[in-house]
Amino acid sequence: MDTLSAAVMLFLIMDPLGNLPIFASILRHIEPKKRRRVLIRELIFALLIMLLFLYAGEAILSFLNLKSESVSIAGGIILFLIAIRMIFPQPGGVVGLAAGEEPFIVPMAIPLMAGPSILAALILLAHTDSSRMADWTIALVAAWGASVAILMFYKLFTRVLGDKGLTAVERLMGMVLVMISVQMFLDGVSRYLNP
C-alpha cells in the first residue's frame, strides 16, 4: 500500500462527514466563544492518540495483556450508547453533558475521531511494514488534516440544515451508528472466538 492509498483509507475510516452532526450536536451545548477552542483541542488529542497507537499500539496492548478485539468491543459499546442518545435525545444532549459543560477526550477525540477502527487500522499498518513508519505518519497526518478541514466548517452545515434539519440528520446518523457499533462489537467477538 502506498502513502496516498493509506491516507485515503484512514480518511474514510475517520468519517468526518458522518461525524459532523454528532460534533455539531455536542458543540451546540457549549458557549459560542469556546466552541472552536474545544474542537481544536479535541482534534489535537485525537491526533496524539492515533500517533501513539501507530507507534506503540502493539506494545501497549501486549503490556496490558489486551487483544485488539477488546478495543473493537469496547468501542462498539461506547458508540452504541452514544447512538441511542442521538435517536432518543435527553436534556443533557448526546453525551449527557450539562449545557455549557465541555467534553474532554471522550467522546469527541475517542471514539468519534480516534475510534477503534482507525486505531486497529494503524496497528495493522505498523505491523504490516514497520520500516515505513514515516510513510504511515504522513498518511495519518494528511487524513487527519482533511478531516479537520471538514469538521472546522460544522457551523456552515448547521446554518444550511437549520435546527430541524440537524435534528433529522442527527437521528439518521444515530441509526447508522447503532448498526456500525453493533458490527464493531460483533467483529470483535468474532475475532476473539475465531482467532
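Note on numbering: residues in each chain are counted from 1, in written sequence order. Under the rules for a predicted model, residues below a pLDDT of 70 receive no local features and side-chain atom pairs below 80 are neither given nor counted, while totals for whole chains, interfaces and linings still include all residues. For side-chain calculations, the full set of non-hydrogen atoms in the structure is used, while hydrogens and water are omitted.

A.B. asks: Can you tell me about the overall build of the protein, naming the residues and giving the values?
C.D. replies: Numbering goes from the N terminus for both helices and strands, where a helix is a DSSP run of H or I of at least four residues and a strand is a run of E of at least two. Helix and strand counts for the protein stand at eight helices and zero strands. Seen along its three principal axes, the alpha-carbon backbone of the protein occupies a region of about 45 × 35 × 25 Å. In the protein, which comprises 195 residues, the proportion classed as buried is 41%. By the convention used here, residues are in contact when the closest approach between their heavy atoms is within 4.5 Å. Residue pairs at least 24 apart in sequence account for 88% of intrachain contacts in the protein once pairs closer than 6 positions are excluded. Positive residues here are Lys and Arg, negative ones are Asp and Glu, while His and the chain termini are left out of the count. Charge coordinates come from a single atom per side chain, which is NZ of Lys, CZ of Arg, CG of Asp or CD of Glu. Charge-centre separation for the protein: the mean point of 15 positive side chains lies 11 Å from the mean point of 13 negative side chains. Summary of the burial criterion: residues with accessible area below 20% of their type's maximum are buried, those above 50% are exposed, and those between are partly exposed, where the area comes from a 1.4 Å probe applied to protein chains only.

A.B. asks: Give a detailed account of unusual backbone geometry, specifying residues and quantitative values.
C.D. replies: Here the bond from V106 into P107 is cis, since omega is 5 degrees, no more than 30 degrees from zero. Residue I110 is joined to P111 through a cis peptide bond whose omega torsion reads 5 degrees. Relative to the helices and strands, P111 resides in helix α5 (residues 108-113). Phi angles above zero are rare outside glycine, and I105 is one such case at about 70 degrees. Among the structural elements, I105 can be located in the loop between α4 (68-87) and α5. A relative accessible area of 24% places I105 in the partly exposed class.

A.B. asks: Account for the environment of L125, with residues named and values stated.
C.D. replies: Relative to the helices and strands, L125 is located in helix α6 (residues 116-128). On the accessibility criterion, L125 (6% relative accessible area) is buried. Those residues in contact with L125, other than ones at most four positions away along the chain, are M1, A6, M9, L10 and W136.

A.B. asks: How would you summarise the packing of aromatic side chains if you had to cite specific residues and measurements?
C.D. replies: The aromatic pairing rule takes the rings of Phe, Tyr and Trp, using the six-membered ring of Trp, and pairs them if the centres are within 6.5 Å, calling planes under 30 degrees apart stacked, those over 60 edge-to-face and the rest tilted. Scanning the model with the defined rule gives one aromatic pair in all. Relative to F104, the ring of F45 has its centre 5.3 Å away and its plane inclined at 80 degrees; by these criteria the two rings are edge-to-face. Taken together, the positions of F45 in helix α3 (residues 32-63) and F104 in the loop between α4 and α5 put the pair 59 residues apart, joining distant regions of the chain. Residue classification places F45 among the partly exposed residues on the basis of a relative accessible area of 23%.

A.B. asks: Explain the side chain of S147 residue by residue, including any values.
C.D. replies: Note on placement: S147 falls in helix α7 (residues 133-151). The contact partners of S147, leaving out residues within four places of it in the chain, are F11, M14, P16 and M113.

A.B. asks: Can you explain the pattern of salt bridges? Please cite residues and give values.
C.D. replies: For this analysis, a salt bridge means a side-chain nitrogen from Lys or Arg found within 4 Å of a carboxyl oxygen belonging to Asp or Glu. This structure, assessed with the given rule, holds two salt bridges. Across the salt bridge formed by E42 and R41, the nearest N and O atoms sit 3.1 Å from each other. On the accessibility criterion, E42 (1% relative accessible area) is buried. Note that R132 is salt-bridged to D135, the shortest N-O span being 3.0 Å. Residue class for R132 comes out partly exposed when judged on its relative accessible area of 22%.

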